[in-house]
Amino acid sequence: TDGGEWNPYIKFLGPFVAQDRKYKTTILKRTDQPFWAEVDPLPLVIPEKEYLAANHIVLVFMSDTPKGHKNIALGQAVVSLKGAFDDQPISFSSVITHKGKECGIVGGFIKCTDTISVGPELQKIKTLWERT
C-alpha cells in the first residue's frame, strides 16, 4: 500500500468471457498507484480464433474506498485481441476514459489460447485518481 484513498480492481467484460461469474483482479488496498503482478486467466465461451481476433476486451476500472463506498466506476479501456494468438504475449496500450474524457492509460500484455491472459499495468495514474 502507498496510503492512497482507493482500493482499485479491474472487471473484465466481453461477449466471449464466461458470464456465470464475475471476472476481476484482486482488490488492492489503499493505493493510488495500483499494479497487478498476476491476473487469473479468463475462461472463454467462444473459442474460435477468427471471432476473437476481430473483437476486444473491456477493462472496467472500479474501486471501493476505505470509507465504505463500493463499486465506484473510475473508467474503462478497450483492448483489441488482434494478434493475441501469437506464440508470445503481445503488449498493449489503451486510453482509459470516464464519461467520455481521457483519464489515464493502461498498458500490459495479453495472450489468448483457450483462455485470455491479461497483465495490466496502469500508467498516468495521477490523472485517473485525481479526477474522481
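Only a predicted model underlies this, so the values are computations on that prediction, with no experimental measurement involved.

Student: Help me understand the overall build of the protein chain in this model?
Tutor: Counting its regular elements, the protein chain contains 2 helices and 7 strands. When its helices and strands are written in sequence order, the protein chain yields β-β-α-β-β-β-β-β-α. Per-residue burial for the protein chain yields a buried fraction of 44% across its 132 residues. Counted over contacts in the protein chain with a minimum sequence separation of 6, partners at least 24 positions apart contribute 52%. Of the roughly 7,400 Å² of accessible surface on the protein chain, a fraction of 51% belongs to carbon and sulfur atoms.

Student: Please explain the nonpolar core as it appears in this structure.
Tutor: Looking at soluble globular proteins, one finds that nonpolar side chains tend to be buried together. Phe 12, Phe 16, Ile 57, Phe 61, Leu 81, Ile 110 and Ile 116 are the most contacted members of the largest nonpolar core, which totals 30 residues. When residues of this core are traced back to their parent elements, those giving at least two are strand S1 (7-13), strand S3 (56-64), strand S4 (72-80), strand S5 (90-98), strand S6 (101-112) and strand S7 (115-123). In terms of residues, this core owes the most to one element, S6, which gives 4 residues.

Student: Can you help me understand the pattern of salt bridges in this one?
Tutor: Pairing between side chains of opposite charge can happen when their charged atoms approach one another. Applying the stated rule across the entire model yields 1 salt bridge. Between Asp 64 and Lys 70 there is a salt bridge, and its shortest N-O distance comes to 4.0 Å.

Student: What is the right way to look at the side chain of Lys 111 in this model?
Tutor: Assignment of secondary structure puts Lys 111 in strand S6. We note that Lys 111 is buried and unpaired, the nearest opposite charge coming from Asp 87 at a distance of 5.6 Å. Not counting the four nearest positions on each side in its chain, Lys 111 is found in contact with Ala 84, Phe 85, Asp 86, Asp 87, Gln 88, Pro 89, Ile 116 and Ser 117.

Student: Any chance you could explain the confidence of the model for the protein chain here in plain terms?
Tutor: Low pLDDT means the predicted coordinates in that region are not meant to be read closely. In this model, the protein chain carries an average pLDDT of 81, and 85% of its residues clear a pLDDT of 70 or more. Note on residues 124-132: pLDDT is under 50 here. Beyond four places in sequence and across chains, it has 28 contacts.

Student: Could you clarify how one ought to interpret unusual backbone geometry in this entry?
Tutor: Trans is the prevailing form of peptide bonds, just as negative phi is the prevailing case for residues other than glycine. The backbone of Arg 30 shows a phi angle near 45°, a positive value even though the residue is not glycine. In this fold, Arg 30 is placed in the loop between S1 and strand S2 (42-43).

Student: I tried to follow the pairing of S5 on my own but got confused; where do I start?
Tutor: Moving residue by residue along a regular strand, the side chains alternate between the two faces of the sheet. In terms of strand pairing, S5 meets S6 through 9 bridges, oriented antiparallel. Among the inter-strand pairings, Thr 97 is bridged to a residue of S6, identified as Glu 102. Linking S5 to S6, which pair antiparallel, is a turn of 2 residues; within it Lys 99 sits at a positive phi near 55°.

Student: Where do I start with the side chain of Ser 94 in this structure?
Tutor: By the secondary structure assignment, Ser 94 is in strand S5. For Ser 94, a relative accessible area of 10% gives the class buried. At 2.8 Å, the side chain of Ser 94 and the backbone oxygen of Val 78 are in polar contact. With residues near it in sequence (within four places) discarded, Ser 94 still touches Ala 77, Val 78, Val 79, Gly 104, Ile 105 and Val 106.

Student: Sorry, what's going on with the environment of Leu 13 here?
Tutor: Turning to its location among the elements, Leu 13 is positioned in strand S1. Judged by its relative accessible area of 38%, Leu 13 is partly exposed. Each C-alpha atom, one on Leu 13 and one on Leu 59, is 6.6 Å from the other, the two residues being 46 residues apart in sequence. Not counting chain neighbours up to four residues away, the residues in contact with Leu 13 comprise Ile 57, Val 58 and Val 60.

Cut-offs applied
- Residues numbered from 1 in each chain as written.
- Predicted model: local features only at pLDDT ≥ 70, side-chain atom pairs only at ≥ 80, totals over all residues.
- Heavy atoms only, no water.
- Helix = DSSP H or I, 4+ residues; strand = E, 2+ residues; numbered from the N terminus.
- Buried < 20%, exposed > 50% of the residue type's maximum accessible area, 1.4 Å probe, protein only.
- Contact = heavy atoms within 4.5 Å.
- Areas by Shrake-Rupley, 256 points an atom, 1.4 Å probe, with all protein chains shown as cover.
- Core = buried A, V, L, I, M, F, W, Y, C linked by side-chain atoms within 4.5 Å.
- Salt bridge = Lys/Arg side-chain N within 4 Å of Asp/Glu carboxyl O.
- Lys, Arg positive; Asp, Glu negative; His and termini not counted.
- pLDDT = per-residue confidence, 0-100.
- Pairing = 2+ DSSP bridges.
- Polar contact = N/O pair within 3.5 Å; in protein donor to acceptor, adjacent residues only side chain to side chain.

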